[in-house]
Amino acid sequence: MSSILTNNSAMVALQTLKGINKNMSQIQNEISTGQSVSSAKDNAAVWAISKVMESDVKGFSGISDSLSLGSSTISVARQAAETTTDLLTEIKGKIVAAQEGNVDREKIQADITALSAQIKSVTGAAQFNGLNMVSGTDDVTILSSLDRSGDGSVAASQISVNRMDLTTSAGKVGTTAAATINYGSIAAPAASPTPAITGTTTAAAGKSAVITVAAATATGNNYSLNVNGTSINYTTDGIVTNTAMADNFAGQINALGLEGITASAATGTLTIFNANAFEGMDVTTGGTQLTNTNRNGFAYNATTNSKVEQRAETIDFSATAVPVNGNSFTVGIAGKTYSYTSGKGETMEDVARGLKTAIDSEAVTGLTTKVQQNSTTGAWSLAVDDATGGRALSLTVTSGGEASGGLFGLDAIDVTTEDGAKAALSNIETMISTSIDAAASFGSAQNRIDIQSDFISNLSDSLKSGIGSMVDADMEETSARLQALQVQQQLGVQALSIANQSPQSILSLFR
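Residues numbered from 1 in each chain as written. Predicted model: local features only at pLDDT ≥ 70, side-chain atom pairs only at ≥ 80, totals over all residues. Heavy atoms only, no water.

1. As for the overall build of the protein
Alright, step 1. From N to C terminus, the protein includes seven helices and 19 strands.
Alright, step 2. Each of the 511 residues in the protein was classed as buried or not, and the buried ones make up 40%.
Alright, step 3. Contacts in the protein between residues at least 24 apart in sequence constitute 69% of all its contacts with a sequence separation of at least 6.
Alright, step 4. Of the accessible surface of the protein, which amounts to about 25,800 Å², a share of 52% is contributed by carbon and sulfur atoms. (Helix = DSSP H or I, 4+ residues; strand = E, 2+ residues; numbered from the N terminus. Buried < 20%, exposed > 50% of the residue type's maximum accessible area, 1.4 Å probe, protein only. Contact = heavy atoms within 4.5 Å. Areas by Shrake-Rupley, 256 points an atom, 1.4 Å probe, with all protein chains shown as cover.)

As structure tokens, this is what we get:
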């Protein structure tokens, strides 16, 4: 049926052309934006996912900047620690040279002072954007990642880098009584919770084993002593008095020339002295006529190998306790005090070495120190030898202080004297070890930061690629669709033109 009021063909052609024009508009939008999903109305789910991922990419861009800043900061600290290690090694060379008596120690000391000043210059200048990683003890955190969980929540991840204090600061001694932590072994009373000194102060002659010959002995009896692995024998020839036997053993021991070990005899009593500051003495007896007594805390057993303690007194630190950051350990010797304040992450070995440095820095005549470790328990001790005798030791622990610098005692190195040169040799080893540990720690941290930076860069690229695969337009496909739609548009216009001519044919019916 034909009608001049309703042209169904024209309406169909018009709707078709509108659809073609709509698709043409969408294709033109994809071409102009380069995206198949440029707004939420295009595909709400895909658009929402892409926007979340885009926000993560933006965040990772900021993280990349943070990692770059952190890497640069740690790089400066690492180079400072490495330079400090080199300078400390040069100082060690000077100290070794000062061990020789026939040198100009004053000139060597001048070189050491100059090198020490250079170390302080290096550590003071080792800052990046105002942050100095070789000064202080507070850790530094560097933003390293954003972690998105399945429920959509986001948490920041950080890389924590420990500062490694390479300053020469003595720190600040705390004034608050520390908690009752047993940092050291207890001498007397045994139940006291206060860290105390093991042993008692003795005279400069050392500690001794006293052996009493019981009585005169008959011909042909053999008796022996063993002192630090050296065997001494005596076979009687005729009736020998206990006094003569004791004199004979004393003479044989003295003839051996054992370092720090001497013997004396009086009315049948043999006394073997150990004057070694930091070495004990083993003594074993053989034969029925040699009996034992006790002296200077030495409990002697004739049937076993017994040890006479070293001359030095010790502060035996706990094998399990850990020093707290800001705890100050103060050793008292004859009215003078020497302090070291522990830093973050330090051990009882660090405390023992810090106290040694503090005592050595004062260069007290006749006072020498050594850090020792128990081979069985692993516990560390600070041995203090008083060559003059009579200076009692004490130890107190307080809290609330500021940690001593890792190179504490560097300013006090003095090789102008023989004792000072000897003390400096062991202390410089501790400082070099501290500096090496700092450089190694910074190197590991920087390597980790650089690895994370590379990962973040690759992760950002992967996210961008994923976003593109969801929202970017396929330009080859879009081009083909555009050409097809242009043809369809032309055909649609032609179809609409034909449909619009249909009413004209009705006029022929009325001619």
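2. Let's talk about the packing of helix 2 (residues 44-98) against helix 6 (residues 418-471)
For any two helices packed against each other, the geometry comes down to the angle between their axes and how far apart the axes lie.
Alright, step 1. Running from N to C, helix 2 and helix 6 point in directions that differ by 160°, and their axes come no closer than 6 Å. Here helix 6 runs roughly antiparallel to helix 2, going by the angle between their axes. Both helix 2 and helix 6 take part in a crossing whose hand is left-handed. (Axes fitted to C-alpha atoms, helices over the stretch in contact; angles between N-to-C directions. Parallel < 35°, antiparallel > 145°, perpendicular 65-115°, else oblique. Left-handed = near helix turned anticlockwise from the far one by under 90°.)

3. Here's the deal with the packing of helix 2 against helix 3 (residues 105-125)
Alright, step 1. Where helix 2 meets helix 3, the axes come as close as 10 Å, and the angle between the chain directions of the two elements is 170°. Classified by the interaxial angle, the pair formed by helix 2 and helix 3 is roughly antiparallel. Between helix 2 and helix 3, the contacting residues are A80, T83, T84, L87, L88, E90, I91, K94, I95, A97 and A98 on the first element and R105, I108, D111, I112, L115, S116, Q118, I119, V122 and T123 on the second.
Alright, step 2. Of the residues assigned to the contact of helix 2 with helix 3, the class counts are 12 nonpolar, five polar and four charged. (Nonpolar A, V, L, I, M, F, W, Y, C, P; charged D, E, K, R; others polar.)

4. Some details on the sheet that holds strand 19 (residues 393-399)
Alright, step 1. Within the open sheet, the four strands sit side by side as 5-19-15-16. Their pairing is antiparallel. The two strands at the open ends of the sheet, each matched to only one other strand, are strand 5 (176-177) and strand 16 (336-341).
Alright, step 2. Bridge analysis of strand 5 against strand 19 gives two bridges, and the strand direction is antiparallel. Residue pairing in the sheet places A177 in a bridge with T398 of strand 19.
Alright, step 3. Its contacts with the sheet place helix 5 (residues 348-362) against strand 15 (328-333) and strand 16, and it is angled at close to 140° to strand 16. (Pairing = 2+ DSSP bridges.)

5. Let's talk about the sheet that holds strand 17 (residues 367-373)
Alright, step 1. If you walk across this open sheet you meet the three strands as 14-18-17, and the pairing is antiparallel. Strands with a single pairing partner mark the edges of an open sheet, and in this sheet they are strand 14 (313-316) and strand 17. The mean angle between the axes of side-by-side strands here comes to 20°, regardless of whether they run parallel or antiparallel.
Alright, step 2. Bridge count between strand 14 and strand 18 (residues 380-386): four bridges; the pairing is antiparallel. Bridge assignment links E313 to a residue of strand 18, and that residue is V384.

6. Side note on helix 4 (residues 242-256)
Alright, step 1. Taking 1.5 Å of rise per residue, 15 residues should cover 21 Å, and helix 4 covers 22 Å from first to last C-alpha, within 8% of that figure.
Alright, step 2. When we look at burial in helix 4, the residues that qualify are N242, M245, A246, F249, A250 and I253. When helix 4 is viewed along its axis, its buried side chains cluster within an angular range of 135° and face the same direction.
Alright, step 3. One or two steps after helix 4, the chain reaches G257, where phi turns positive at roughly 70°. (Expected span 1.5 Å × (residues − 1). Arc of directions from axis to C-beta.)

7. Quick look at the confidence of the model for the protein
Alright, step 1. Across the protein, the average pLDDT comes to 82, with 87% of residues at 70 or higher.
Alright, step 2. Contacts for the low-pLDDT stretch residues 292-304, under 50 throughout, to residues beyond four places or in other chains number 29 contacts. (pLDDT = per-residue confidence, 0-100.)

8. Section: the side chain of N427
Alright, step 1. With respect to the helices, strands and loops of the structure, N427 is situated in helix 6.
Alright, step 2. The class for N427 is buried, based on a relative accessible area of 6%.
Alright, step 3. Other than its neighbours up to four places away in sequence, N427 contacts K356, T357 and D360.

9. Section: the nonpolar core
Alright, step 1. Residues L88, I91, I413 and V415 are the most contacted members of the largest nonpolar core, which totals 47 residues.
Alright, step 2. Sorting the residues of this core by element identifies helix 2, helix 3, strand 3 (140-148), strand 4 (154-161) and helix 6 as the ones contributing at least two each.
Alright, step 3. Per-element accounting of this core gives the leading share, 15 residues, to helix 2.
Alright, step 4. Setting aside anything within four residues of it in sequence, one finds V415 in contact with I95, A98, R105, I108, Q109, I112, G420, A421 and A424.
Alright, step 5. Y338, V371, L393 and F408 belong to the second largest nonpolar core, which has 22 residues in total. (Core = buried A, V, L, I, M, F, W, Y, C linked by side-chain atoms within 4.5 Å.)

10. Some details on the pairing of strand 4
Alright, step 1. The sheet contact formed by strand 3 and strand 4 spans eight bridges and is antiparallel. Considered in strand 4, the bridge of D147 is made with A155.
Alright, step 2. Counting the residues that bridge the hairpin from strand 3 to strand 4 gives five residues, and of these G152 lies at a positive phi of roughly 95°.

11. Notes on unusual backbone geometry
Alright, step 1. Of note in the backbone geometry, N129 takes a positive phi value of approximately 55° without being a glycine.
Alright, step 2. Examined against the element boundaries, N129 turns out to sit in the loop between strand 1 (127-128) and strand 2 (131-132).
Alright, step 3. With relative accessibility at 66%, the residue N129 sits in the exposed group.
Alright, step 4. Located in the positive-phi region is N228, a residue other than glycine, with phi close to 50°.

12. Looking at the pattern of salt bridges
Alright, step 1. Tallied over the full model, the rule gives 13 salt bridges.
Alright, step 2. One salt bridge in this structure joins D385 and R311, with 2.6 Å as the shortest N-O distance. In this pair, D385 sits in strand 18 while R311 sits in the loop between strand 13 (306-308) and strand 14, placing the two residues 74 residues apart along the sequence.
Alright, step 3. For K422, the salt bridge identified is with E418, shortest N-O distance 3.3 Å. (Salt bridge = Lys/Arg side-chain N within 4 Å of Asp/Glu carboxyl O.)

13. Quick notes on the environment of S502
Alright, step 1. Assignment of secondary structure puts S502 in helix 7 (residues 475-506).
Alright, step 2. When the C-alpha atoms of S502 and I4 are compared, they prove to be 9.0 Å apart, with 498 residues separating the residues in sequence.

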